[in-house]
Amino acid sequence: MEVQAGYPTAWQVHAVMLGVIIVALIAASACTSNPRSKEQGEMAEEASAKTGRSAMAQSVSDPGLDLNCIYDHLQNPPESFHYLYKKDATDHVRQEADVTPQTIDGFRAQLDGSQQPLHATRSDQQSWQNALANLTGISGMSSTVAIVNHSSAMQREQDGGQVNGYSTIHYSIDTARLSPTESHMLLKPGEFEKGDVWVTSTGCPVKLSLDSELHRNDGSLIEKLHYEEAMVKK
């Protein structure tokens with residue numbers, strides 16, 4: 001069919017409209033970044049982005065701390081290991097298990113102090129997923145780790161070596177190293193994080209100990225927290 005000169009075809013109109021929509025979506029995306037909350041909803045996404053690096057920029061010599069690696073190890077264990085995660089706080093958490101590529105045997109502490117047994121076999125996917133759901137409490141540390149990961153608060157030390165059966169990199173953590181601007185953006189007056197973590201070359205934490213405090217805007221204390229995590233190769 002011949003088209004009259006000077007008049008756009010339906011395809012051309014559609015292409016122009018599609019281009020306008022794409023531009024609008026890109027602009028909207030750039031303007032609507034949601035704030036990331038700290039444990040009580042106080043950390044800004046923009047602030048954590050300024051202290052972070054992209055995954056592509058990470059190197060073997062400076063992998064940082066990757067909490068997702070723990071979930072991957074529990075979901076698809078590459079070897080046998082003992083796993084522990086503990087949080088001392090108002091909402092106390094303790095999760096512990098012996099993990100192999102075929103089985104999970106452990107427990108999760110209940111609020112009353114009793115232990116909920118966890119038993120799973122790889123051949124029973126429902127039991128495996130149920131066990132995973134009760135062993136991934138460390139995901140609650142995500143915003144806490146985001147404050148310090150790949151920032152001046154996290155410093156590589158020279159004494160890594162073999163820890164819990166893994167070859168590791170040692171990082172000390174201390175938010176006192178943050179610049180005044182970073183500290184103001186990421187922490188309330190009086191808040192801090194301080195501890196140590198040993199990670200593999202991919203950033204997988206095999207030993208972690210971290211103390212933290214949460215404060216109100218006026219600097220008054222809300223809560224003291226202590227975290228521990230370990231993976232011990234068998």
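Residues numbered from 1 in each chain as written. Predicted model: local features only at pLDDT ≥ 70, side-chain atom pairs only at ≥ 80, totals over all residues. Heavy atoms only, no water.

Caption draft 1: Structural detail: the overall build of the chain. Looking only at helices and strands, the chain has six helices and 10 strands in total. Each of the 234 residues in the chain was classed as buried or not, and the buried ones make up 39%. Within the chain, contacts between residues at least 6 apart in sequence are counted, and of these 57% link residues at least 24 apart. (Helix = DSSP H or I, 4+ residues; strand = E, 2+ residues; numbered from the N terminus. Buried < 20%, exposed > 50% of the residue type's maximum accessible area, 1.4 Å probe, protein only. Contact = heavy atoms within 4.5 Å.)

Caption draft 2: Examining the pattern of salt bridges more closely. If you walk through the whole model with that rule in mind, you get five salt bridges. A salt bridge links Glu-228 to Lys-86; the nearest nitrogen and oxygen atoms lie 3.7 Å apart. Taken together, the residues Glu-228 in strand E10 (residues 221-233) and Lys-86 in strand E1 (residues 81-88) connect sequence positions 142 residues apart. Between Lys-87 and Asp-91 there is a salt bridge whose closest N-O contact spans 3.1 Å. You can call Asp-91 partly exposed: its relative accessible area is 40%. (Salt bridge = Lys/Arg side-chain N within 4 Å of Asp/Glu carboxyl O.)

Caption draft 3: Quick look at the packing of aromatic side chains. Here the structure, examined in full by the defined rule, presents zero aromatic pairs. A cation over a ring is seen here: Lys-207 above Trp-198, with NZ or CZ 4.9 Å from the ring centre. A cation sits over an aromatic face here: Lys-233 above Tyr-166, 4.7 Å from the ring centre. (Phe/Tyr/Trp six-rings, centres within 6.5 Å; stacked < 30°, edge-to-face > 60°. Lys NZ or Arg CZ within 6 Å of the ring centre and 35° of its normal.)

Caption draft 4: View of the nonpolar core. Judged by nonpolar contacts, the single largest core of 44 residues is most densely connected at Leu-65, Leu-74, Tyr-83, Ile-104 and Met-141. Setting aside anything within four residues of it in sequence, one finds Tyr-83 in contact with Ile-70, Leu-74, Gln-95, Glu-96, Ala-97, Leu-135, Ile-138, Glu-229, Ala-230 and Met-231. (Core = buried A, V, L, I, M, F, W, Y, C linked by side-chain atoms within 4.5 Å.)

Caption draft 5: Quick look at the layout of surface pockets. Taken as a whole, the second largest pocket spans an internal volume of roughly 150 Å³. If you trace the second largest pocket, you find it lined by His-92, Val-93, Arg-94, Gln-95, Arg-108, Ala-109, Gln-110, Leu-111, Ala-133 and Gly-137. Those elements that provide at least two residues to the lining of the second largest pocket are strand E2 (93-99) and strand E3 (103-109). Of the residues contributing to the lining of the second largest pocket, the split by class is four nonpolar, four polar and two charged. (1 Å grid on protein atoms, 1.4 Å probe; cavity = no way out; pocket = protein on both sides within 12 Å on 5 of 7 lines; lining within 4 Å. Points joined across faces, edges and corners; volume = space filled by probe spheres on them. Nonpolar A, V, L, I, M, F, W, Y, C, P; charged D, E, K, R; others polar.)

Caption draft 6: Examining unusual backbone geometry more closely. A positive phi is found at His-150, a non-glycine position, where the angle reads about 60°. For His-150, the position within the fold is in the loop between helix H5 (142-148) and strand E5 (154-156). Assessed through its relative accessible area of 11%, His-150 is described here as buried. The backbone of Asn-164 sits at a positive phi, close to 55°, despite the residue not being glycine. Note that Asn-164 resides in the loop between strand E6 (161-163) and strand E7 (166-174).

Caption draft 7: Summary view of the packing of helix H3 (residues 68-75) against helix H4 (residues 125-133). Here H3 crosses H4 at 150°, and the two axes come no closer than 10 Å. One finds that H3 runs roughly antiparallel with respect to H4. Seen from above, H3 lies across H4 with right-handed handedness. Along the contact surface, H3 presents Tyr-71, Leu-74 and Gln-75, while H4 presents Trp-128, Gln-129 and Leu-132. Along the lines of polarity and charge, the residues of the contact of H3 with H4 split into four nonpolar, two polar and no charged. (Axes fitted to C-alpha atoms, helices over the stretch in contact; angles between N-to-C directions. Parallel < 35°, antiparallel > 145°, perpendicular 65-115°, else oblique. Left-handed = near helix turned anticlockwise from the far one by under 90°.)

Caption draft 8: Broad picture of the pairing of E3. Relative to E3, E2 runs antiparallel, the two sharing five bridges. Directly across from Asp-98, in E3, lies its bridge partner Asp-105. Between E2 and E3, which follow one another and run antiparallel, lie three residues. Strand direction decides the pairing type here: E3 and strand E4 (residues 115-121), joined by seven bridges, are antiparallel. Bridging across to E4, Asp-105 finds its partner in His-119. What sits between the antiparallel neighbours E3 and E4 is a turn of five residues, in which Gly-113 has the positive phi angle 95°. (Pairing = 2+ DSSP bridges.)

Caption draft 9: Representation of the side chain of Lys-87 in the model. Looking at where Lys-87 falls in the secondary structure, it is placed in strand E1. Only 3.1 Å separates the side chain of Lys-87 from the side chain of Asp-91, close enough to count as a polar contact. (Polar contact = N/O pair within 3.5 Å; in protein donor to acceptor, adjacent residues only side chain to side chain.)

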